[in-house]
Structures are given as C-alpha cells and as structure tokens.
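One letter stands for each residue in the lines below.
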Amino acid sequence: AGAPLPRVTGGGRDAQRLWLSYESPGPVARLELNVTADRGPWKDRAWESRPLPGRPAAGRADAVLPAGTTAAFINLEDAQGRVVSGDAELLPAAS
C-alpha cells in the first residue's frame, strides 16, 4: 500500500505570485511550477515545467509567474516519485 500521498491544503494567486500549501506524511522530493503562455483548448497548450527553489519540508511552495503566463499550477513530488498537483490558475488576458 505504501505511505499516503501528500495533501494540498490551500493555494491561490496574488497578482503574479502563485502559492500552494500542503501536508505530507513523508519527504517531498521536488516542487515545480508548470506554466503556459498559450490560449485555446487545454490539451493543445504547450507547458513548461520549472523547478522551484526552497525547502520542500516547509509545507509551502511559492512561485513568481513569468510575464505572459496564461495558466499555471504547482506540482509536488514525493520521495516515491508520485505527483500531486495544485489547482490551475487561469490568468486574464493582458490588455
């Protein structure tokens, strides 16, 4: 059966900063920001993954979104390679 997955406990966006809080019964090996500048159908968008610096044991991930981002979400990966994702944030079109 193995250890339970990490659990997302909160998240959101403040202007160009995306954040995620979580609890994990075991070590979190990696945090990453996934971003796209594309629009249109979700499955047709090109995504870029960027490692997030910081302390995975802290229970929180923060990321500054690159200019032109149209959607973003944060992944966390546990020591067994299992991935849990936060909610996607859609950003309004630039005017």
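Remember, it's a predicted structure, so these values are computed and weren't measured experimentally.

With that out of the way, let us pick up the pattern of salt bridges. Overall, the coordinates contain eight salt bridges when judged by the stated rule. With its nearest N and O atoms 2.7 Å apart, the salt bridge here joins arginine 7 to glutamate 23. Of this pair, arginine 7 sits in strand 1 (residues 7–14) while glutamate 23 is found in strand 2 (residues 17–23), placing the two residues 16 residues apart along the sequence. Arginine 7 gets classed as partly exposed once you look at its relative accessible area, which sits at 48%. Of the charged contacts in the structure, one is a salt bridge between glutamate 48 and arginine 50, with a shortest N-O distance of 2.9 Å. Since its relative accessible area comes to 40%, glutamate 48 is described here as partly exposed. Judged by its relative accessible area of 33%, arginine 50 falls in the partly exposed class. Connected via shared salt-bridge partners are Arg30, Glu32 and Glu77.

With that out of the way, let us pick up the sheet that holds strand 5 (residues 60–64). Reading across the sheet, the three strands line up as 1-2-5 and stay open at both edges, with antiparallel pairing between neighbours. Among the strands making up the open sheet, the edge pair consists of strand 1 and strand 5. Here the average twist between neighbouring strands, direction ignored, is 15°. In this structure, strand 1 lies alongside strand 2, joined through seven bridges in antiparallel fashion. Counted as the bridge partner of glycine 11 is leucine 20 from strand 2.

Across the nine residues that make up strand 3 (residues 28–36), a large majority, seven, are buried. Inspection of the sheet shows strand 3 paired to strand 6 (residues 71–78) by eight bridges, in the antiparallel sense. Across the sheet, arginine 30 pairs through a bridge with glutamate 77, a residue of strand 6. Pairing of strand 3 with strand 4 (residues 48–51), which is carried by four bridges, proceeds in the antiparallel orientation. Residue pairing for strand 4: leucine 33 is matched across the bridge by arginine 50.

A word on unusual backbone geometry. One non-glycine residue, alanine 15, lies in positive phi territory at about 55°. By secondary structure assignment, the location of alanine 15 is in the loop between strand 1 and strand 2.

About the cut-offs
- Residues numbered from 1 in each chain as written.
- Predicted model: local features only at pLDDT ≥ 70, side-chain atom pairs only at ≥ 80, totals over all residues.
- Heavy atoms only, no water.
- Salt bridge = Lys/Arg side-chain N within 4 Å of Asp/Glu carboxyl O.
- Helix = DSSP H or I, 4+ residues; strand = E, 2+ residues; numbered from the N terminus.
- Buried < 20%, exposed > 50% of the residue type's maximum accessible area, 1.4 Å probe, protein only.
- Pairing = 2+ DSSP bridges.
- Axes fitted to C-alpha atoms, helices over the stretch in contact; angles between N-to-C directions.

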